[in-house]
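Given next are the chains, with one letter for each unit.
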Amino acid sequence: MNTAAPWMIDMQIENPQPAGERPAFSEGDQVFLSATVSRTSYLYCYFSDAAGNVMRLLPNAITPNSLTPANHALRIPDWMASNPGFLLDAGKPGTEAVVCVATAEDPSTVLPPELQVPALSVLKDVKGVQGLQERFASVLGKDAFVTQVLQWMVVPKLPAPAPATPAPAGGAKSST
């Protein structure tokens with residue numbers, strides 16, 4: 001009987017939020033996530049904006065090692081580091097996502113050229129989460145990796161409230 005835990009990625013939004021609610025972020029809000037793999041894995045995480053543009057977040061120049069220990073929460077971005085390497089801000093209104101892909105073997109040498117660009121660069125010819133997952137499946141096979149997608153809505157930034165008008169000078173008057 002095999003009692004090994006299933007291979008999976010657990011992703012969470014770490015921004016404070018009311019219990020049980022999926023947040024909507026306003027344009028420009030910072031987004032904080034975490035990812036935990038159930039088995040030691042090579043972890044690659046990508047951001048997809050509302051237009052479907054995709055860029056790799058991890059690994060990057062600050063966090064170049066993709067090998068991630070089992071049950072270790074990886075912060076995206078690493079908000080505890082003095083230099084996190086990047087900030088993740090909500091962009092244009094629509095649906096944004098981060099997708100993480102975990103592999104048992106280091107995929108860096110077999111990934112197609114469109115996925116070999118430096119971190120935080122838009123990937124050419126890759127549209128959205130599905131396009132990214134298709135690229136991994138085409139070179140690794142669909143059973144050689146696990147993935148999880150975490151999506152959120154971005155809403156237009158609300159205009160700043162108008163400043164309160166000051167009370168007229170001269171103080172209060174009595175009507176006696």
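Before reading further, recall that the structure is shown in the block above.
Summary of the structure given here. Here the residue index of a chain counts from 1 through its sequence in written order. Reporting in this predicted model follows two pLDDT cut-offs: at least 70 for local features of residues, and 80 or more for side-chain atom pairs to be given and counted; totals over whole chains, interfaces and linings ignore these cut-offs and use all residues. Here the side-chain values reflect all heavy atoms present in the structure, with hydrogen atoms and water set aside.

The biggest cluster of nonpolar side chains holds 26 residues, and the ones touching the most others in it are Ile9, Leu33, Leu43, Ile76, Val98, Cys100 and Trp152. Counting from the N terminus, the helices are the DSSP runs of H or I reaching at least four residues and the strands are the DSSP runs of E reaching at least two. Residue assignment for this core shows that the elements contributing at least two residues are strand E1 (9–13), strand E3 (33–37), strand E4 (41–48), strand E5 (53–58), strand E7 (74–76), strand E8 (94–103) and strand E10 (145–155). With 14 residues, the next largest nonpolar core counts Tyr46, Val101, Leu123 and Val129 among its residues. Here, the term nonpolar core denotes a set of buried Ala, Val, Leu, Ile, Met, Phe, Trp, Tyr and Cys residues that are joined through side-chain atoms within 4.5 Å. Relative accessibility decides the category of a residue: with a 1.4 Å probe and only protein chains considered, values under 20% of the type maximum give buried, values over 50% give exposed, and everything between is partly exposed.

This next bit is on the pairing of E1. Every second residue of E1 is oriented toward a common face, the buried set being Ile9, Met11 and Ile13 and the non-buried set Asp10 and Gln12. Relative to E3, E1 runs antiparallel, the two being bridged by five bridges. Residue pairing in the sheet places Met11 in a bridge with Ala35 of E3. Only strands that DSSP links by at least two bridges are regarded as paired with each other.

What follows covers the packing of aromatic side chains. When two rings of Phe, Tyr or Trp (its six-membered ring) have centres within 6.5 Å they constitute a pair, described as stacked for plane angles under 30 degrees, edge-to-face for angles over 60, and tilted for the intermediate range. Evaluated as defined, the whole model comprises six aromatic pairs. Residues Phe32 and Trp79 carry aromatic rings whose centres are separated by 5.6 Å and whose planes lie at 75° to one another, so their mutual orientation is edge-to-face. Taken together, the positions of Phe32 in the loop between strand E2 (24–26) and E3 and Trp79 in the loop between E7 and E8 put the pair 47 residues apart, joining distant regions of the chain. Where Tyr46 meets Phe136, the ring centres are 6.0 Å apart and the plane angle is 75°; that geometry is what we call edge-to-face. With a gap of 90 residues between them, Tyr46 in strand E4 and Phe136 in helix H1 (residues 128–140) connect regions that are remote in the sequence. Classification of Tyr46 as buried rests on a relative accessible area of 0%. The exposure class assigned to Phe136 is buried, which follows from its relative accessible area of 0%. Among the aromatic residues, those joined into a cluster by ring pairs are Tyr44, Tyr46, Phe136 and Phe145.

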